[in-house]
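Structural features, examined
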Amino acid sequence: MEVPDMQTDGQKRSVMDSPSVVTARRALGIMKTYIAITIFFSILATVAWNPGNYASGNNPNATSNASPANTVAHDAKFLGGSFGGTSIILLAVPLYAIPLLALAMSVLILFVYDKNNGVLEYLMSLGLSQKDIYKRYLKASLLLTSLVLAIFIPANLAYSRIVYGPAIFYKILPVYPLITLFALAVVTFMSMCMMAFSALQKARAGSNQPLGMVIGYLATVPAYFALAFPLAAGLLFDLAIVAIIALVSIAMLLSSDRLIRRETFLP
């Protein structure tokens, strides 16, 4: 029997065999319901929650069929900052995070499952620290989120360009980078809170889902307040929210050695 070369094992191991990828694959394998939920809400977001619906006044052909005078007036109203006093297209920022939070939740449920079945305790017996285990599941959550974004955002861009035309497409284009940053920040924050605090790993009354799921959706609530500002100010407001969530998440990560107790990972 050939003995593997341990010094070169890390170099030979493919990306698909990395701990984070394996964790992501396990989460998808045992939580297929969340895949269906993610697909459903992704389609709903693309069609019903698309910012082009609001930019065109719920009429995809509004700008293409309008007279030049009406088009100029419509553009002036849009660039002036709002529809009815609110930056309504920014509604897509928190709503588009819903399918991504649902998919990331599959990793967190796997975390609780592994904890209750002694998998995390076994990993610690192999020499992994709480932080090592924590980062493995966090990376898996971000990996799945990034993969969905890589499909979801281009699909939305293509849909918006085809359905609403170039005029509306270029108006709503700045929203999509913001959606990406916001989704990654919220998923990171939810994952950190969920894994760091044992109380969030417990099921809610009448549900098998951990309480930590609520944290993710609550983190999207501040983004709705951006609707109260003109468009430019609303974009800055959402960027500030992303920055705050990211800073809090980074602080939790840097202090994870002290924040995450060993008992948190034991059944």
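The preceding data block contains the structure.
Anyway, here's the lowdown on the structure attached to this text. (Residues numbered from 1 in each chain as written. Predicted model: local features only at pLDDT ≥ 70, side-chain atom pairs only at ≥ 80, totals over all residues. Heavy atoms only, no water.)

So, about the overall build of the protein. Looking only at helices and strands, the protein features 15 helices and 0 strands. Within the protein, buried positions represent 45% of all 267 residues. Of the contacts formed within the protein by residues at least 6 apart in sequence, a portion of 79% connects residues at least 24 apart. When the accessible area of the protein is evaluated, it comes to approximately 13,200 Å², of which 67% is carbon and sulfur surface. (Helix = DSSP H or I, 4+ residues; strand = E, 2+ residues; numbered from the N terminus. Buried < 20%, exposed > 50% of the residue type's maximum accessible area, 1.4 Å probe, protein only. Contact = heavy atoms within 4.5 Å. Areas by Shrake-Rupley, 256 points an atom, 1.4 Å probe, with all protein chains shown as cover.)

Tracing the backbone through its elements, the reader meets aspartate 238 in helix H14 (residues 231–254). Salt bridges are absent for the buried aspartate 238, whose nearest opposite-charge side chain, lysine 171, sits at 19 Å. (Lys, Arg positive; Asp, Glu negative; His and termini not counted. Salt bridge = Lys/Arg side-chain N within 4 Å of Asp/Glu carboxyl O.)

Now for a nonpolar patch on the surface. Taken together, the side chains of Leu218, Val221, Tyr224 and Phe225 present a nonpolar region at the surface, about 380 Å² in accessible area. Here tyrosine 224 is to be found in helix H13 (residues 221–224). Look at tyrosine 224 and you get partly exposed, because its relative accessible area is 34%. (Patch = residues over 30% accessible without salt bridge, like charges linked within 9 Å, V, L, I, M, F, W, Y side chains within 5 Å.)

The subject of this paragraph is the pattern of salt bridges. Evaluation of the coordinates by the stated rule reveals 1 salt bridge. A salt bridge links arginine 26 to aspartate 114; its shortest N-O distance comes to 2.8 Å. In this pair, arginine 26 sits in helix H2 (residues 19–30) while aspartate 114 sits in helix H8 (residues 97–116), placing the two residues 88 residues apart along the sequence. Judged by relative accessible area, arginine 26 falls into the partly exposed class, the value being 33%.

The next point concerns H14. Between its first and last C-alpha, H14 extends 35 Å over 24 residues, near the 34 Å set by a 1.5 Å rise per residue. What H14 keeps buried is the set Leu231, Gly234, Asp238, Ile241, Val242, Ile245, Ser249 and Met252. (Expected span 1.5 Å × (residues − 1).)

Geometric values such as these leave the question of function open.
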